[in-house]
Amino acid sequence: MTQPLRRSVLCCAVLLLAPVSLVIGFRAAGADGPTPVPQALAFLPWLLVPGAAGLGLAALARWRGGLGWAAVVLALTVWFVRPYGSGATGAHGPVLARLDVLTSNVEFGEATDALITAVRRERPDVVFVQECDLGCADALDARVPAASYPYREVVRLDGSLGSAILSRFPLRPAGRVAGEMAMPGAVAVVAGREVRLQLAHPMPPVPGGVALWRRELGRIRDLAASVRAAPAVVAGDFNASQDHAAFRAVLDAGGLHDSARLAGASRTYSWPADRTTPLRTQIDHVLVSDAFSVRSARFLRLAATDHRALLVALELHDGG
């Protein structure tokens, strides 16, 4: 290999490894960093591609330092791709009730028809709906029978701001988590036990909006910490994956568990679902406390939304 060609190969290797190292460095430090780090962290497993390419170029150029650099980057990336958190909840004792929970972002209400069809087909016990605009709220009221879901906590706002919780179990309001988009809460009575339900829908970490995203996830973290000792389900579009420190803080503060992770689907994507791209991630979650065990988790494709809905089958235990 000629010297000019070797220099070009070395330059390409550095250009590949440097940004990957930056993102992995923030992940290792337990921080989300500034733009573009939070956006890149959402797709962390894909950092294996430029990392491997950098390793190949370093080998081609016979650059020992680059080989070591790339090996460290790849090893750390593989380590962080592992599912986050324990593989089981602390649930024990007799099963008091089985309940299915569905969460869906219907994208400005556009997927309301598809959601209603899914609800009729799957018959979940609790439904969390994000981006439920005024038309969506009206459709749920008119087309989802009150006999099936007599208890509801609906925030009627237009565009992406509205949200709804539908339940077969008795509900009482429990206040909202403050945010640009509505995040209502409620307390359900399931088999004689009170279960805290919280819808999550913080703003996304778009450039210029990372501080707001972090602040709203922090409020969800505070809510999770406040109900740590109680049966709880926190569900919705978190606009964050397990690779974001702000999301892991929600899990850790409340002792919560990601249902998809417990069901062996921690890397199954939920967004974007409306276009063909390899860059996909899981930002829709159903988090549960130690009072629950998880029997299954399925991601459902709904027409007219960029999110896949998530349906989880839970068991509420007497101890946990």
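Higher on the page you've got the structure.
In this report, we go over the structure that sits alongside the text. Think of each chain on its own: its residues are numbered from 1, step by step along the sequence as written. Totals for whole chains, interfaces and linings use all residues, but because this is a predicted model, local features are given only for residues with pLDDT of at least 70 and pairs of side-chain atoms are given and counted only at 80 or more. Computation of side-chain values covers all heavy atoms of the structure but excludes hydrogens and water.

1. What about the packing of aromatic side chains?
For Phe, Tyr and Trp, rings pair up if their centres lie within 6.5 Å, where Trp contributes its six-membered ring, and each pair is then called stacked (planes under 30 degrees apart), edge-to-face (over 60) or tilted (otherwise). Taken as a whole and assessed by the stated rule, the structure comprises three aromatic pairs. The interplanar angle of 90° and the centroid separation of 6.2 Å between the aromatic rings of tryptophan 63 and tryptophan 69 together place this pair among those described as edge-to-face. In this scheme, a residue with accessible area under 20% of its type's maximum is buried, one over 50% is exposed, and one in between is partly exposed, where area comes from a 1.4 Å probe on protein chains only. For tryptophan 69, a relative accessible area of 29% puts it in the partly exposed group. For the ring pair phenylalanine 238 and phenylalanine 247, a centre distance of 5.4 Å and an interplane angle of 80° mean the geometry is edge-to-face. Accessibility classification places phenylalanine 238 together with phenylalanine 247 in one group, the buried group. Between the NZ or CZ atom of arginine 248 and the centre of the ring of tyrosine 84, over which it lies, the distance is 5.8 Å. Between the NZ or CZ atom of arginine 280 and the centre of the ring of tyrosine 269, over which it lies, the distance is 4.3 Å. Distance and angle both matter: a charge sits over a ring if NZ of Lys or CZ of Arg is within 6 Å of the ring centre and within 35 degrees of the ring normal.

2. Overview of the nonpolar core
Definition of nonpolar core: a set of buried residues of the types Ala, Val, Leu, Ile, Met, Phe, Trp, Tyr and Cys, connected through side-chain atoms within 4.5 Å. One finds Val101, Phe128, Leu197, Val233, Val286, Phe292 and Leu314 to be the most contacted residues of the largest nonpolar core, which totals 28 residues. Ignoring any residue separated from it by four or fewer positions in sequence, one finds leucine 314 in contact with Ala97, Arg98, Leu99, Asp100, Val101, Val233, Ser259, Val288, Phe292, Ser293, Val294 and Arg295. Whether two residues are in contact is decided by their heavy atoms, any of which lying within 4.5 Å being enough.

3. What to know about the sheet that holds strand S7 (residues 193-200)
In space, the six strands of this open sheet follow the order S5-S6-S7-S8-S10-S9, with mixed pairing throughout. With partners counted over all chains shown, the strands left at the sheet margins are strand S5 (171-176) and strand S9 (257-258), one partner each. Here, a strand pair is defined by DSSP locating no fewer than two bridges between the strands. The numbering of helices and of strands both runs from the N terminus, where a helix is a DSSP run of H or I of at least 4 residues and a strand a run of E of at least 2. With two bridges connecting them, S9 and strand S10 (residues 284-288) associate as antiparallel partners. Across the sheet, the residue bridging to histidine 257 is valine 288, located in S10. Think of each axis as a best-fit line through the C-alpha atoms, taken over the contacting stretch in the case of a helix, with angles from 0 to 180 degrees between the N-to-C directions. Here helix H8 (residues 245-254) sits on the sheet in contact with S9 and S10, set at roughly 20° to S10.

4. Quick word on the pattern of salt bridges
By convention in these notes, a salt bridge is any Lys or Arg side-chain nitrogen within 4 Å of a carboxyl oxygen on Asp or Glu. All chains considered together, the criterion is met by 13 salt bridges. In this structure, the salt-bridge partner of aspartate 243 is arginine 27, at a minimum N-O distance of 3.8 Å. One end of the pair, aspartate 243, is in the loop between strand S8 (232-237) and H8; the other, arginine 27, is in helix H1 (residues 3-29), with 216 residues separating them in the sequence. On the accessibility criterion, aspartate 243 (0% relative accessible area) is buried. For glutamate 122, the salt bridge identified is with arginine 121, shortest N-O distance 3.1 Å. What you see here is one network of salt bridges that share partners, running through Arg98, Asp100, Arg295 and Glu315.

By themselves, these are just geometric observations and shouldn't be taken as functional.
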